Amino acid sequence: MTLPLGDLRVVEFGQLLAGPFCGQLLGDFGAEVIKVEDPGRGDPMREWGREKPHGKSLWWPVVARNKKSVTCDLRQPEGQALIRKLIDTADIVVENFRPGTLERWGMAPEVLWETNPGLVITRVTGYGQSGPYSSRAGFGSIGEAMGGIRYVMGDPDRAPVRAGISLGDSLAATYACLGTLVAIHHRSRTGVGQVVDSAIYEAVLAMMESLLPEWAVAGYQRERTGAVLPNVSPSNVYPTADGDLILIAANQDSVFGRLSTVMGREELATDPRYATHSARGAAMEELDTLIAKWTVTERADDLLEKLHEAGVPAGRIFRAKDMFNDPHFAAREAIVKVPHPDFGEIPMQNATPKLSHTPGKVRSVGPALGEHNDEIYGGLIGLDETERARLRQAKII
């Protein structure tokens, strides 16, 4: 099957996470993603991750999946000239260096457009390509703090916490991918490329709902609220008789009515203290206590069966091992297993979202460093073996 982005070639300069995750998303839907890495050590992501069986990162096979790896020393003029030839064949460049880095290497957008006017140049940074902070080093955690999400995460009596994943980087990469495809659509009508400027703090800010007008118009500052959302009730974690924890989200009026019926407390749905969304929000603590007294008398499986049958959103808090055993994950192929040279087979999350006619696909795990040098520099760029050997000897590739 031809994948939907199979006619696009991407040259990816990014390292660590924000740029590479954008490349991963494009590659999942068929783009040919050629990752350019330093000849000495490659992307540091090759070494990142908590667990390293066989001394190998378990993160690299995921974030570099569906990509080809070539090596090139971009600090050397001859390396820059070589990659310029590669970029001339590309539709998209993805990079996440500090602003000005491409320019120092002789690859400013205006220079690249001289020979490839339709090129889309996607740049992912902490603060964006302009503004007084643009030259600062910007990691995802700093963007999360500046964008507002870090302040509201955690318990109200403790310092702000972070999510256990690279949330800021992934959000900036996702918006970068969206912007890239918008720019490609524009190019299809005009033939003109452009810069996609994705800043981590702005990607985080984009997710912050009504945070800004709440302060500017109502003078309300959102604070940390722990496991709940203020004035949204019931929507919390509740205990069960067998020691499990179940999430129940019944804050909509009709859904709360169904929950009341399951509880055998139909009168709650018409009680003025709980009958409306605003009333339930004001009585959150009281309502949570009431619901917990009921859930703790039921086994988790029995409780979930009753709630699902009644149309009340509810579920367990999944860990990795739960995902592998869940029939819904299996039915939707949310997890795929991909051949790996060291692990034999490695599971990872599948491409998302699902498209009915042209779904994405995980075709390969992250490549070895420089695995595709001969294919790209030989087959695509046209350098013969003698020239490639010379470049290897000079440590340019």
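Residues numbered from 1 in each chain as written. Predicted model: local features only at pLDDT ≥ 70, side-chain atom pairs only at ≥ 80, totals over all residues. Heavy atoms only, no water.

Please clarify how the nonpolar core should be interpreted in this entry.
Looking at soluble globular proteins, one finds that nonpolar side chains tend to be buried together. Ranked by internal contacts, the top residues of the largest apolar core, which has 35 residues, are Val10, Cys22, Leu26, Ala31 and Ile92. At the level of secondary structure, the elements contributing two or more residues to this core comprise α1 (18-28), α2 (60-63), β4 (92-95), β5 (120-125), α7 (167-190) and α8 (200-205). The biggest single contributor to this core is α7, with 7 residues. In this structure, Leu86, Ile87, Val93 and Phe97 belong to the second largest nonpolar core, which totals 27 residues. (Core = buried A, V, L, I, M, F, W, Y, C linked by side-chain atoms within 4.5 Å. Buried < 20%, exposed > 50% of the residue type's maximum accessible area, 1.4 Å probe, protein only. Helix = DSSP H or I, 4+ residues; strand = E, 2+ residues; numbered from the N terminus.)

Hey, could you run me through the packing of aromatic side chains in this one?
For any pair of aromatic rings, the description rests on two quantities: the centre-to-centre distance and the angle between the ring planes. The full count for this structure, using the stated rule, is 4 aromatic pairs. Taking NZ or CZ as reference, Arg136 lies 3.8 Å from the ring centre of Tyr133, over its face. In this structure, Arg224 packs its charged tip against the face of Tyr151, placed 5.0 Å from the ring centre. (Phe/Tyr/Trp six-rings, centres within 6.5 Å; stacked < 30°, edge-to-face > 60°. Lys NZ or Arg CZ within 6 Å of the ring centre and 35° of its normal.)

Would you take a moment to explain the pattern of salt bridges for this structure?
If charged atoms from side chains of opposite charge come close, those side chains can pair. All chains considered together, the criterion is met by 30 salt bridges. We note a salt bridge from Asp374 to Arg388, for which the minimum N-O separation is 2.9 Å. Of this pair, Asp374 sits in helix α16 (residues 373-380) while Arg388 sits in helix α17 (residues 385-393), and the two are 14 residues apart along the sequence. Look at the salt bridges and you will find they share partners, linking Arg9, Glu32, Lys68 and Glu375 into a network. (Salt bridge = Lys/Arg side-chain N within 4 Å of Asp/Glu carboxyl O.)

Is there a simple way to explain α1 in this structure?
Given 3.6 residues per helical turn, the α-helix brings residues three or four places apart onto the same face. Across the 11 residues that make up α1, a large majority, 11, are buried. Just downstream of α1, Gly30 is the residue with a positive phi angle, here 105°.

How should I be thinking about the sheet that holds strand β9 (residues 314-316) in this particular structure?
Sheet strands line up and pair through hydrogen bonds in the backbone, either parallel or antiparallel. The strand order across the open sheet formed by 3 strands is β7-β8-β9, and the pairing between neighbours is antiparallel. Sheet topology places β7 (235-239) and β9 at the edges, where each strand pairs with a single neighbour. The mean inter-strand angle of the sheet, taken between neighbouring strand axes irrespective of direction, is 30°. Pairing of strand β8 (residues 245-249) with β9, which is carried by 3 bridges, proceeds in the antiparallel orientation. Note on β9: the bridge partner recorded for Ile246 is Arg316. Here helix α12 (residues 284-295) sits on the sheet and contacts β7 and β8; the angle it forms with β7, its principal contact strand, is near 35°. (Pairing = 2+ DSSP bridges. Axes fitted to C-alpha atoms, helices over the stretch in contact; angles between N-to-C directions. Contact = heavy atoms within 4.5 Å.)

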